[in-house]
Amino acid sequence: MRSIKTKLFSLAMAVSMVLALAGCAMSTPSTVGSIGGVDIPAGIYLLAQYNSYNTASGLAKLATGETASDVKAVLKATCTGTINGEEVTATGSEYVAQLTTRAIEYYAAVEKQFAAQNGVLDDAATAEAAKTADSLWGTNGDLYTANGISKATVETYLLNAQKAKALLKMAYGPEGTTPVTEAEYTDYVNNDCYYIEAVQFPLVNYSSYAMADDTQKASIMATAESCMEELSQTATAETASGSALYTAAMTYVPQAMAAMGSEMDATQAVYYAASQLYTPDDLSSYGSDEYNNLTDPLDAAGLNHWTTIDLGTTILVARRIDPFKTYTVDELDSMYDLLSDMKSTAIQDELYAAGAALEHDLNSAALNTYSASKIKKNA
């Protein structure tokens, strides 16, 4: 009798253990561990991994017929890109893993430093994160959900980005530990940026989306040259031309559009005139140091001198001027957020380095549970 009870008890224990193990296998961990004492929620890890996959898929050498949505193919393919300032060649799975680790290290560093400095996000920052989360969710919500990423996770990730922006100001802003000086701002604007006035003449008919033929382009170029001559006579040499720029646009842009077989009211043409500070990031989209389609023609013309520039889909009548003839450093910083342009790379590098140096206490079992092979590119 005692032996039977013992056997029944052992059987019950075995059944309960199997059920418990089955329960563990069926559950998913809520965190993948911590970095520097900062908890890394599973959703944050999955979002970082998903973003890393999207980057890797654009670098992967795929065979004919394979696409970025073919997760298995991307993870097996060879990817070559830049990570931490160095060129890396690895399989897709290794590339995704490196980018994901780097992303969660950055996340942890931001959270840790923001808390250490008693940072508090203002209402504008939290509102911006919420608004962006709404927008992203409206576009990709189904796909995020399929990958185990909640809307709350997306917003948390965006709040982390806002904290990084706040850390930028804490470090380099006026009240920061190492504030950028007025002399540094002035040097940056004068030597790295271009303040450009321009009237734009499209070479595309926006009604039919047809490119200008040779005859039409020649007519538009002649109109642009007439515009340039007028501006050379009416716009002052040292200051922004103001009304002269808009008057020229109202006169000549409708003529150029007519050459394309399209009508434009003079009041609409003012939107084709602009004065703008172009930062190095803006200018990089126009070419390289060897030849820049925007800056090289302006340099050839010289400061304050108008010139015509053919950018392929548009012709510009433009010149470079000194913005400090019109604006102060503070005004330019307010208008163009010069601090971010000057120091965002520096603060990012600092945070990436800080995150990599933190103690890693990640759960390998949890990481395996959230393998990149389970990524879904179709909801």
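Scroll up to find the structure.
Remember, it's a predicted structure, so these values are computed and weren't measured experimentally.

Calculation rules
- Residues numbered from 1 in each chain as written.
- Predicted model: local features only at pLDDT ≥ 70, side-chain atom pairs only at ≥ 80, totals over all residues.
- Heavy atoms only, no water.
- Helix = DSSP H or I, 4+ residues; strand = E, 2+ residues; numbered from the N terminus.
- Rg over C-alpha atoms; globule rule 2.2 N^0.38 Å.
- Buried < 20%, exposed > 50% of the residue type's maximum accessible area, 1.4 Å probe, protein only.
- Contact = heavy atoms within 4.5 Å.
- Areas by Shrake-Rupley, 256 points an atom, 1.4 Å probe, with all protein chains shown as cover.
- Lys, Arg positive; Asp, Glu negative; His and termini not counted.
- Charge placed at Lys NZ, Arg CZ, Asp CG, Glu CD.
- Pairing = 2+ DSSP bridges.
- Axes fitted to C-alpha atoms, helices over the stretch in contact; angles between N-to-C directions.
- Core = buried A, V, L, I, M, F, W, Y, C linked by side-chain atoms within 4.5 Å.
- Salt bridge = Lys/Arg side-chain N within 4 Å of Asp/Glu carboxyl O.

1. Thoughts on the overall build of the chain
In terms of regular secondary structure, the chain is built from 15 helices and 11 strands. Here the chain has a C-alpha radius of gyration of 29 Å; the compact-globule value for 379 residues is 21 Å, and the former is much larger. In terms of overall dimensions, the chain has a C-alpha envelope of 115 × 50 × 35 Å along the principal axes. Among the 379 residues that make up the chain, the fraction classed as buried is 39%. Excluding contacts between residues fewer than 6 apart, the proportion of contacts in the chain whose partners are at least 24 apart in sequence is 66%. When the accessible surface of the chain is totalled, it reaches about 20600 Å², and 52% of it is carbon and sulfur. If you average the places of the 21 positive and of the 45 negative side-chain charges in the chain, the two averages end up 20 Å apart.

2. Let's talk about the sheet that holds strand β8 (residues 273-278)
Spatially, the four strands line up as an open sheet ordered β8-β5-β10-β9, and their pairing is antiparallel. Two strands lie at the open edges of the sheet, namely β8 and β9 (307-310), each paired on one side alone. Between one strand axis and the next, the sheet turns by 35 degrees as a mean value, whatever way the strands run. In the sheet, strand β5 (residues 194-202) pairs with β8 via six bridges, with the strands oriented antiparallel. What sits directly across from Glu197, in β8, is Ser275. Sitting on the sheet, helix α9 (residues 243-259) is in contact with β5 and β8, with an inclination near 30 degrees to β5.

3. Some points on the nonpolar core
In this structure, Ile40, Tyr53, Tyr95, Ile149 and Val154 are the most contacted members of the largest nonpolar core, which totals 41 residues. Setting aside anything within four residues of it in sequence, one finds Tyr53 in contact with Ala68, Ser69, Asp70, Val71, Val74, Leu75, Val96, Ile375 and Lys377. The next biggest cluster of nonpolar side chains, apart from the first, holds 27 residues, and it includes Ala164, Ala166, Val189 and Tyr195.

4. Some details on unusual backbone geometry
Despite not being glycine, Tyr209 has its phi angle at roughly 60 degrees, a positive value. Tracing the backbone shows Tyr209 in the loop between β6 (204-205) and β7 (210-211). With a phi close to 50 degrees, Asp337 is a non-glycine residue in the positive phi region. Along the chain, Asp337 falls in the loop between α13 (329-336) and α14 (338-357).

5. Details of the pattern of salt bridges
Scanning all chains against the criterion turns up four salt bridges. Close ionic contact of Lys163 with Glu111 constitutes a salt bridge, the shortest N to O distance being 2.9 Å. Remark: Glu111 occurs in helix α4 (residues 92-116) and Lys163 occurs in helix α6 (residues 151-172); sequence separation between them is 52 residues. In this structure, Lys163 and Glu111 share a single accessibility class: buried. In this structure, the salt-bridge partner of Lys151 is Asp134, at a minimum N-O distance of 2.5 Å.

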